[in-house]
Amino acid sequence: MRSIAHLPAVLAAALPACLAELPPDDPMPSGVVFTYPIDGQRDVPLGARLLVSFSDPIAAEAAAGCRVVGPEGNVDLDVSVLGQGKTLAIRSGALEPGVTYELRAGGAGGEASGPPVRFTTRSDRPRHGSPTLIAFNGSDPLRPGTQRPIFETSTLGLVFSEPLDPRRVELAAGALELYDVATATAVPATLLASGIHVAIDPDEPLTPGATYELRLGDLLADLAGERLAPAVVSFTPLDATGGRPSRQVFRTWQPGDTNAALTRTDAPNVMEVVHPLIGETIASVQPGVLETELGDTLALGGPIAFRIPRGQRLVSSGLAVALAGVLPSGLSTGDIWIEMLTDGGGRIHRNPHRPADTIPDNQHAPLLVDLSFDLAVYAADATGNAVLAQSVLGVQLAGIASADEGALAIETLGALDIDLLGVGAAPTNIVLDLISDPGAVAAVDLRPPSLAASLPAAGTREWATDEGLELVFDEPIDAARARTGGIRLLDAGGAVVPIAVESHGALVVLRPRAPLAAGRDFRVELNDVADVSGNAMDARAFDVATPSLVTTDVPLSVAAVYPGAPCSLVDASATSSGRCSGGAAGDDRYRPFELGALERIGVVFDQPMRASSLRLGGACNTGSMRIERVDERGTCLEVVAGSLLVHQRDVGFVPDRPWVAGEHYQLRLVSGGDGTCAAGEICGANGKPASFDRLAGTTANAGGGPDLVIRFTGAVATTATTLFMATGPVADLNGSGRLEPGEPRPETNRVALRIAGTSGLIDNASFTGPDCVPATPEVEACMYVMGAIPAQLGERRDDCRLPDGSRVPTCIPVTMSAQAMYSTSVAMTAGAFGIGLPTETGMSVMRLREHPDRPLEGYIVDRGGVPTMIVALDLYMDAPDMSLPLVQHDLRSKSLNVSLEGALTFGPDGRITIGLRNVGEVPITVGIEAPLGLSGSVNLIVPAGEMRLDLVSRSRRGRLP
Amino acid sequence: MTKLTRLVFLAATLLASTAQAEPGLTYERLYARAGILHMSPQSDSREIVLAGVDGPASLAVMAGPVAGSGVALDPATIPAVIVGYVLPVWNDRLSLETVLSTPLHVTFRATGTLADMSIAPTALGIPTGVPALGSELGEAEAAPPIVTAVYRLGRLGPVIPYAGAGLNVLLTYNARATNPILTEVDEPRFHIDPSLGLVLQTGADVALWRRVHLRADFKYIAFMKAHATVENLRVRTPSIPLFESAEVGSATMDLWVNPLIVQLGIGVDL
């Protein structure tokens, strides 16, 4: 009986055994779930941080197996672990432009495993030969849509093999055309171009299934004028929306939101700028909202397209710009705004690192996102905006999409190149985390743009004839609207001057399609300027003019040559590059010249040149400008292939391949042997052949003479930032060595000379020109100075010893190339016994001297929160054309010492200015020797602060690269 | 389990053969009434509660109660035997009874919005293509051991009315989801916790001939709440092939079963 009584309990105990749990599913093995770049990606920024992310925190174990393999084998890597142990961050300074690499992700055991990810680095340097289209929406132009599908809503992103001449990039037959084959019409679109990138954003969605052609004509050309071979890319956009796009609202991910596990790096929503000039700076993306459209979920059979309509903005915290990361820069960007210049877009798709039939899950097979867009970057602070404003085209991010707790979170990662302070491109790693939030509301822009500044400034006569005019707005404007009459350039007669309207973030460049004439007046009309939201600013206009160029017969010469010195050299030896021809035999010898692997050759002329006279040699010993690889004796071995970038007053040469460390090279500028301009010689716009031995004379008959020959050795790439600073504004625009009527008389870039006394034979001296510093009781005569100094800003240095012997905790060394400055003639009368001898100094040449054992260095230091440059210059002063009847002067290789100091500032146009002033009085004694052993001197001084040199960086956007 | 049931029945029979009836009511110690058992659940369910809704499914489904949803059990009729043992107390008026039967096949039906509407109609506002589940939900075999104490109220001629009370445990096994939408992608795990109920019983034996009796028995099982869980729910998302399917997590159902059991049988006192 007891058995029956216990029956229920027995049953209760026995039955659960029949309900045994099913065995758990086999867990998916740990592995790679994400990489940046993605497989097949082109145009990957060189300094990009590569990422490999795993499903589980096994990155540390996998690090040893991580490889980046290029044509020369494994590349040196710096690998670190991020993202709670899930992600490997890979940096390398050894990647080369335009090269395809394989990224092999490491396995958990440290071995290399999995299929490699192939990617090709960005090559944005000019190259010899015609430009070619190398990517069309991320794909091979011969196979459009294979790497990244083209949808009816896509912005068409083009990448060329080298930068294009922006004057030639337009939507027009023969240049660029998006052509609808069915209707035989061009498709209206907004065009953006910057360097190697072009973006074409159709005004209306394309017709899915229809055939379109991207027609590229030979009006497109590179910066050296080499034309593109006409080509047609035919493509058919896919139907991604089915006509039913689904509006989705995303906002930036904030702490406390779901999907924290999504984070694949150590910090969400950041932009990390890394550059030796400013160190490592991080900006945080602030809360913001983006409205997007998701495509039809069925249209692509799985992947879902999405679009981010243009005009939307995100804001990030300002960049703390500290030079070398430690010295105050004096620049405040304020908040940094990022605006979608074109419709961004991409797709969400299954994880390609897992078998194709793997159902997505957040950890082991997360959905992947590829996103491409074009950005305007600009800043809230007016000066910061002028410095920072730029368009960043062709941004390609990759990311992970994770759905959880009712929200879709997307983390996209990648890199872009930010033009930094106008002097360099800084790799910027970006992490953008968004999360769906139907309740979020995007800010509505109701404020019209306003014009903050222009370069050149309104009302000035400083518009360089071969440069564009920069208009600095406080927000990006609708470029298409500006092009269709919104902004016009009129000449003095009211005729419209053809211009290209370029968008550079919140800045617009009006670039005349042909060089302007000198001494002309222009009117800039802003008739219909609005932002993308349609907010229009009030119409306005202003006048600006190109400077007058007084005719001169003084031959062209060089103000700066990099690498090298601005003169024909003699007495070179194995240990020195020689000295300037025409100088004293005892002059310092220049140290051997070197050029870093990635540097370009630069030559700055002192007056406009005849562009057609500059011919790059195609074979050894040919051309008026020869850049050759040579042996130790200087015999040409081969011509260095590259691009010649000719401007009105300067020329640059970019080699196709980096200079090879230890190899010998030679730059030769041919001047011709006589005073006539012949073929194969470099001539000025005045038709006179160049003169490269200014110390032998600067007058009209000085043309021709010895070539300028610079031998240099290739050197390894450095992290220094090369900056071409030139005096500005310039008084002696025509380089005649004289200040002529019509030429400006700026308060800077001049040296005020005061007569302090005489001695010996000379008993009186006075200037015969006007007093250029009326504020002083004395009479001063001004020499107006023109020059250019290539300088390299190095990495921070601690415990710096300054020229006066003092020390500062930190400085930035500035290595200055030993160039020359030319100054205008000063007229004076000096005499004896009551007899005055009038004379003019003629053009003076002030050569910078190097130390025998080290380069000339200046220092940027912190002076009470102001970045200040300090430099002690040893100079040779020459007045080659100064002559006095029956007497000799000693202004030949006359040694001067001057200590200069001045603040580094950023102007409202974004350019850097270093305003150097002499900190102490500079004595200049002009000795005069007469026959019969009679001698005397005129004792001049440059009062403290009266040597005023404003060195200005080049216009960053208005000037062609 | 059929073997188990037969074993139990055999054991009861053997035990009954040793028993002696109480003279007062002419019962033997052991008795059995074989017949038909009809169980009619008086189902009253709470809303189905989804849990563990992670990943893509969370875009379409929120964890928590599904508004308007419900679950019900279908009635069932099976052959069953009441086996009783008369305790030698209170003049043999008190006995202990249990019910032996073939396993009870329990069918769970979806009701309300669970049956009529898609549980994941849209994700981020985009139709998923997940259809309504329909009424079919799942099924299980149940062994509901019942033990009651029965007190005979007296004899009214051939009729011996009684009343009783006891306990019931609902034990299920072989539970499985049968909904075609829920089983299209994967095999969900269906689990029903054992649940206890208070049995209220009444009825009457009618003496037919010598020790042969007709039994009409009514039981109401109160406070029986079935807690069922369906895990590994994964549904196909035909309108979003990117996902192909979405793992909804698990669903829990709390169901007041409270069945009314009517049993008619005929048997003998042994």
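Residues numbered from 1 in each chain as written. Chains lettered and ligands numbered in written order. Predicted model: local features only at pLDDT ≥ 70, side-chain atom pairs only at ≥ 80, totals over all residues.

### Describing the overall build of chain B
In terms of regular secondary structure, chain B is built from two helices and 19 strands. The C-alpha atoms of chain B give 23 Å as radius of gyration, which overshoots the globular expectation for 270 residues (18 Å, by more than 25%). Its C-alpha atoms give chain B principal-axis dimensions of about 75 × 30 × 25 Å. Nonlocal contacts in chain B, meaning residues at least 24 apart in sequence, comprise 72% of its contacts between residues at least 6 apart. (Helix = DSSP H or I, 4+ residues; strand = E, 2+ residues; numbered from the N terminus. Rg over C-alpha atoms; globule rule 2.2 N^0.38 Å. Contact = placed C-beta atoms within 7 Å.)

### What about the overall build of chain A?
For chain A, the helix and strand inventory stands at five helices and 67 strands. Its C-alpha atoms give chain A a radius of gyration of 32 Å, within 12% of the compact-globule value 30 Å for 961 residues. C-alpha extents for chain A along the principal axes are approximately 150 × 60 × 55 Å. Considering chain A as a whole, with its 961 residues, one finds that 53% of them fall into the buried category. A fraction of 70% describes how many contacts in chain A between residues 6 or more apart in sequence connect residues 24 or more apart. (Buried ≥ 20, exposed ≤ 12 C-beta atoms within 10 Å, placed from the backbone.)

### Examining the sheet that holds strand 11 (residues 156-160) of chain A
Residues and elements named next belong to chain A. Ordered in space as 10-11-15-14, the four strands form an open sheet in which the pairing is antiparallel. Of all the strands in the sheet, the pair left with one neighbour each is strand 10 (133-136) and strand 14 (189-194). Averaged over all neighbouring strand pairs, the angle between strand axes comes to 15°, with direction disregarded. (Pairing = 2+ DSSP bridges. Axes fitted to C-alpha atoms, helices over the stretch in contact; angles between N-to-C directions.)

### Remarks on the nonpolar core
One broad trend across soluble globular proteins is that nonpolar side chains are buried collectively. By size, the foremost hydrophobic cluster in this structure holds 333 residues, and its most contacted members are Val377, Leu510, Met725 and Ile860 of chain A together with Ala120 of chain B. The residues touching Val377 of chain A, leaving out its near neighbours within four places in the chain, are Ile336, Ile338, Leu388, Ala389, Gln390, Val392, Ile418 and Gly505 of chain A. (Core = buried A, V, L, I, M, F, W, Y, C linked by C-beta atoms within 7 Å.)

### What to know about the sheet that holds strand 4 (residues 67-70) of chain A
Residues and elements named next belong to chain A. Across the sheet, five strands lie side by side as 2-9-8-4-5; this open sheet has mixed pairing. Of all strands in the sheet, those with a lone pairing partner are strand 2 (41-44) and strand 5 (73-74), marking the two edges. Direction of pairing for strand 4 relative to strand 8 (residues 100-104): antiparallel, over a ladder of three bridges. Each residue of the ladder has a partner; that of Arg67, found in strand 8, is Arg104.

### Thoughts on the environment of Thr211 of chain A
Residue and element names in this part refer to chain A. For Thr211, the position within the fold is in the loop between strand 15 (197-202) and strand 16 (212-216). Thr211 sits in the partly exposed class, given 13 other C-beta atoms within 10 Å. C-alpha separation for the pair Thr211 and Val181, spaced 30 residues apart in sequence, amounts to 5.8 Å. Setting aside residues no more than four positions away along its own chain, Thr211 makes contact with Val181, Ala182, Ser234 and Thr236.

### Remarks on the pairing of strand 27 (residues 344-349) of chain A
Residues and elements named next belong to chain A. Of all the six residues making up strand 27, five are buried; the element is thus mostly covered by neighbouring parts of the structure. As judged from the five bridges shared by strand 22 (residues 304-308) and strand 27, these two strands associate in the antiparallel manner. Within strand 27, the position partnered with Ile308 by the bridge is Gly344. Two elements, strand 27 and strand 28 (residues 367-379), share five bridges in a ladder whose sense is antiparallel. Within strand 28, the residue paired with Gly346 across the bridge is Leu371.

### Notes on the domain arrangement of chain A
Residue and element names in this part refer to chain A. Taken domain by domain, chain A comprises domain 1 (32-121), domain 2 (133-235), domain 3 (246-436), domain 4 (451-545), domain 5 (558-715) and domain 6 (721-953). Centre-to-centre separation of domain 1 and domain 2, based on C-alpha positions: 31 Å. Between domain 1 and domain 2, the contact holds four residues from the first and five residues from the second. Class assignment of the residues belonging to the side of domain 1 that touches domain 2 gives a composition of no nonpolar, two polar and two charged. (Domains from an automatic or database assignment. Nonpolar A, V, L, I, M, F, W, Y, C, P; charged D, E, K, R; others polar.)

### Digging into helix 5 (residues 479-486) of chain A
Residue and element names in this part refer to chain A. All of the buried residues in helix 5 are Ala479, Ala482 and Gly486. Looking straight down helix 5, one finds that the buried residues subtend no more than 110° of arc, so they occupy a single side. For helix 5, the exposed residues lying more than 90 degrees away from the buried face are Thr484 and Gly485. (Arc of directions from axis to C-beta.)

### Examining the confidence of the model for chain B
All names here are of chain B. Summarising the model, chain B shows a mean pLDDT of 87, and 90% of its residues fall at 70 or more. When pLDDT is averaged over each element of chain B, strand 16 (residues 212-222) comes out on top at 96 and helix 1 (residues 2-17) at the bottom at 40. A low-confidence stretch, residues 1-24 stays under pLDDT 50, and its non-local contacts, those more than four residues away or across chains, total 38 contacts. Across the whole predicted complex the pTM is 0.87, and at the interface the ipTM reaches 0.79. (pLDDT = per-residue confidence, 0-100.)

### Description of unusual backbone geometry
A cis amide bond links Tyr36 of chain A with the next residue in sequence, Pro37 of chain A, at an omega value of 5°. Along the chain, Pro37 of chain A falls in the loop between strand 1 (32-36) and strand 2. A positive phi is found at Ser893 of chain A, a non-glycine position, where the angle reads about 50°. Relative to the helices and strands, Ser893 of chain A is located in the loop between strand 62 (888-889) and strand 63 (894-906). On the basis of neighbour counts, which here come to 22 C-beta atoms within 10 Å, the residue Ser893 of chain A falls in the buried class. Residue Trp90 of chain B is not a glycine yet carries a positive backbone phi of 45°. Residue class for Trp90 of chain B comes out exposed when judged on the 11 C-beta atoms lying within 10 Å of it.

### Some points on the environment of Ile338 of chain A
All names here are of chain A. As for its position among the elements, Ile338 is in strand 26 (residues 336-340). On the basis of neighbour count, Ile338 is assigned to the buried category, with 22 C-beta atoms found within 10 Å. Note: C-alpha distance between Ile338 and Val81 (257 residues apart in sequence) is 29 Å. Beyond its immediate chain neighbours, meaning those up to four positions away, Ile338 contacts Arg313, Leu314, Ser316, Leu375 and Val377.

### Things to note about the environment of Phe542 of chain A
Residue position: Phe542 of chain A is located in strand 38 (residues 540-545). Apart from residues no more than four positions distant in its own chain, Phe542 of chain A is found in contact with Ala458, Gly459 and Val524 of chain A.

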